[in-house]
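Spelled out from the first residue to the last, the chains are:
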Amino acid sequence: MNNMTRIAIIGGTGLDEFSALQNLRSKKITTPYGETSSVLMFGAIDGHELIFLPRHGERHNIAPHNINYRANLWALKEQGVSHIVAVNAVGGITKNMPPEKIVFPDQIIDYTYSRQHTYSDDNANSVMHVDLSLPYSDSIRRILQAAATEQGSAFESSAVYGATQGPRLETVAEIARMERDGCDIVGMTGMPEASLARELDIEYACCALVVNWAAGKGDGDIITMDVIEQHMRSGMASVRQLLIGALPALSKL
Ligand code: HPA
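Quick caveat: nothing in here was measured; it's all calculated off a predicted structure.

A.B. asks: Go over the site of the ligand, please, and point to the residues and values.
C.D. replies: Ala89, Val90, Gly91, Leu169, Glu170, Val186, Gly187, Met188, Val211 and Asn212 make up every residue found near the ligand. Backbone polar atom of Ala89 to a nitrogen atom of the ligand: 3.4 Å apart, as the coordinates give it. At the level of elements, strand 7 (83-92), strand 12 (185-187) and strand 13 (203-213) are the ones that each hand at least two residues to the shell around the ligand. Here the shell around the ligand gets three residues from one element, more than from any other, and that element is strand 7.

Here is the structure:
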């Protein structure tokens, strides 16, 4: 591992644990912004070290708008994390984003509100206006794409991620508007995670798994948890393998 490289995986819905981790050690970190979603889990896969953090908590009990994104990112930075792969379950909007497709977005539109979304708050010494023109790390995205190609998974190498507030799903009209805006996929946890990572100068990329057609898409049926869970189970198995496959190259960044 490069001296400066430390990898973290932030797990999303369907990836609340990472049982492939060997020599698991956990550490509770207190931050100026409060508690992280869970203890940080340190471990290794085939000798490649990483930190795992499930953003919804170990019992999957923290809703997207209640996640303490600032504490999570701050704690990872404090532990020396330089590169993050964020895993997010999403709905598919455009026609090439069907359930179980793995997607590496390259852009974001943020529709969230009332979240603690910056370190430049009242207590900051100076206000930061970070550049977010390209919100995701190209070097991480290239490695994830290579790993997906290697394992033969269907994937999309670019997409616009629309981040909504949740926890409810969207209306048909909201998804139609998002499509007009240029969104390809929709999820509830992509922001402010990506911009906080940028504020802390951490390389960050998203590995999204489509687990349902967004409202009004596909055959237009209403969205049930059964459908979501079914796609999540088989899709997340591929995502786990992909992450394991990508680790050697990520560690060399
Ligand atoms: N909308 C928003 N977030 C989601 C969806 C969706 O359809 N599916 C999974 N996360």
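Still more ground to cover, so stick around.
A.B. asks: Which residues make up the pattern of salt bridges, and what are the values?
C.D. replies: For the structure on display, the rule yields nine salt bridges. The closest approach of N and O atoms between Arg168 and Glu174, which form a salt bridge, is 2.9 Å. Salt bridges linked by common partners bring Asp138, Arg141 and Arg142 together as one network.

A.B. asks: Requested: an account of the nonpolar core, with residues and values cited.
C.D. replies: Ranked by size, the top nonpolar core spans 36 residues in total, and within it Leu40, Leu73, Leu76, Ile84 and Ile185 carry the most contacts. Look past the residues within four positions of Ile84 in its chain and what remains in contact with it is Ala8, Ile10, Leu73, Leu76, Ile140, Ile202, Glu203, Tyr204 and Ala205. In terms of nonpolar packing, the next biggest core, distinct from the first, is built from 31 residues, Ile9, Cys207, Leu209 and Val211 among them.

A.B. asks: How would you explain the pairing of strand 11 (residues 160-163) if you had to name every residue and give the values?
C.D. replies: Alternating positions in strand 11 separate into two faces, Val160 and Gly162 on one and Tyr161 and Ala163 on the other, with burial throughout. Two strands pair when backbone bridges link them, and strand 9 (residues 107-110) and strand 11 are joined in this way by four bridges, in the parallel orientation. In the sheet register, Ile109 faces strand 11, and the bridge partner there is Gly162. Sheet topology places strand 11 next to strand 12; three bridges connect them, and they run parallel. The partner of Gly162 across the bridge, within strand 12, is Val186. Where the polypeptide runs from strand 11 across helix 3 (residues 172-181) and back to strand 12, its parallel neighbour, the crossover connection is right-handed.

A.B. asks: Can you explain the environment of Leu250? Please cite residues and give values.
C.D. replies: Positionally, Leu250 belongs in helix 5 (residues 225-251). Classification of Leu250 by relative accessible area gives buried; the value is 2%. A sequence separation of 94 residues divides Leu250 from Glu156, and the C-alpha atoms of the two residues are 19 Å apart. Beyond its immediate stretch of four places on either side in the chain, Leu250 contacts Thr5, Ile7, Val85, Ile140 and Ile143.

A.B. asks: Go over unusual backbone geometry with me, naming the residues and quoting the values.
C.D. replies: Of note, the bond from Gly166 into Pro167 is cis; its omega dihedral lies within 30 degrees of zero at -5°. With a phi close to 50°, His60 is a non-glycine residue in the positive phi region. Its place among the elements puts His60 in the loop between strand 6 (48-54) and helix 1 (69-78). For Glu100, which is not glycine, the phi torsion reads 80° and is therefore positive. Among the secondary structure elements, Glu100 is positioned in the loop between strand 7 and strand 8 (102-103).

A.B. asks: How would you sum up the packing of helix 2 (residues 138-151) against helix 5? Please name residues and give values.
C.D. replies: Relative to each other, helix 2 and helix 5 sit at 125°, their axes nearing to 8 Å. By the angle between their axes, helix 2 is oblique relative to helix 5. In this structure, helix 2 meets helix 5 at a crossing whose hand is right-handed. For the pair formed by helix 2 and helix 5, the contact residues are Ile140, Ile143, Leu144, Ala147, Ala148 and Gln151 on the first element and Ser238, Gln241, Leu242, Gly245, Ala246, Ala249 and Leu250 on the second. Grouping the amino acids of the contact of helix 2 with helix 5 by side-chain chemistry returns nine nonpolar, four polar and no charged.

A.B. asks: For the environment of Arg180, give the residues involved together with the corresponding values.
C.D. replies: Here Arg180 shows up in helix 3. A C-alpha to C-alpha distance of 12 Å links Arg180 and Gly162, two positions 18 residues apart in sequence.

A.B. asks: Could you give an account of the packing of aromatic side chains, with specific residues and numbers?
C.D. replies: Note on aromatic pairs: each is described by the distance of the centres and the angle between the planes. In the structure shown here, the tally under the stated rule is six aromatic pairs. Taken together, a centroid distance of 5.1 Å and an interplanar angle of 70° make the contact between Tyr33 and Tyr119 edge-to-face. Here Tyr33, found in the loop between strand 3 (30-31) and strand 4 (34-35), pairs with Tyr119, found in the loop between strand 9 and helix 2; they are 86 residues apart in sequence, far enough to count as distant. By relative accessible area, which is 22% here, Tyr33 ends up partly exposed. Given a relative accessible area of 6%, Tyr119 falls into the buried group. Where Phe104 meets Phe155, the ring centres are 5.7 Å apart and the plane angle is 55°; that geometry is what we call tilted. One end of the pair, Phe104, is in the loop between strand 8 and strand 9; the other, Phe155, is in strand 10 (residues 155-156), and 51 residues separate them in sequence. Among the residues examined, Phe155 registers a relative accessible area of 24% and is labelled partly exposed.

Conventions we followed
- Residues numbered from 1 in each chain as written.
- Predicted model: local features only at pLDDT ≥ 70, side-chain atom pairs only at ≥ 80, totals over all residues.
- Heavy atoms only, no water.
- Near = heavy atom within 4 Å.
- Polar contact = N/O pair within 3.5 Å; in protein donor to acceptor, adjacent residues only side chain to side chain.
- Helix = DSSP H or I, 4+ residues; strand = E, 2+ residues; numbered from the N terminus.
- Salt bridge = Lys/Arg side-chain N within 4 Å of Asp/Glu carboxyl O.
- Core = buried A, V, L, I, M, F, W, Y, C linked by side-chain atoms within 4.5 Å.
- Buried < 20%, exposed > 50% of the residue type's maximum accessible area, 1.4 Å probe, protein only.
- Contact = heavy atoms within 4.5 Å.
- Pairing = 2+ DSSP bridges.
- Right-handed = clockwise from strand over helix to strand, strands pointing away.
- Axes fitted to C-alpha atoms, helices over the stretch in contact; angles between N-to-C directions.
- Parallel < 35°, antiparallel > 145°, perpendicular 65-115°, else oblique.
- Left-handed = near helix turned anticlockwise from the far one by under 90°.
- Nonpolar A, V, L, I, M, F, W, Y, C, P; charged D, E, K, R; others polar.
- Phe/Tyr/Trp six-rings, centres within 6.5 Å; stacked < 30°, edge-to-face > 60°.

Scope: geometric values only; no functional claims are made or implied.
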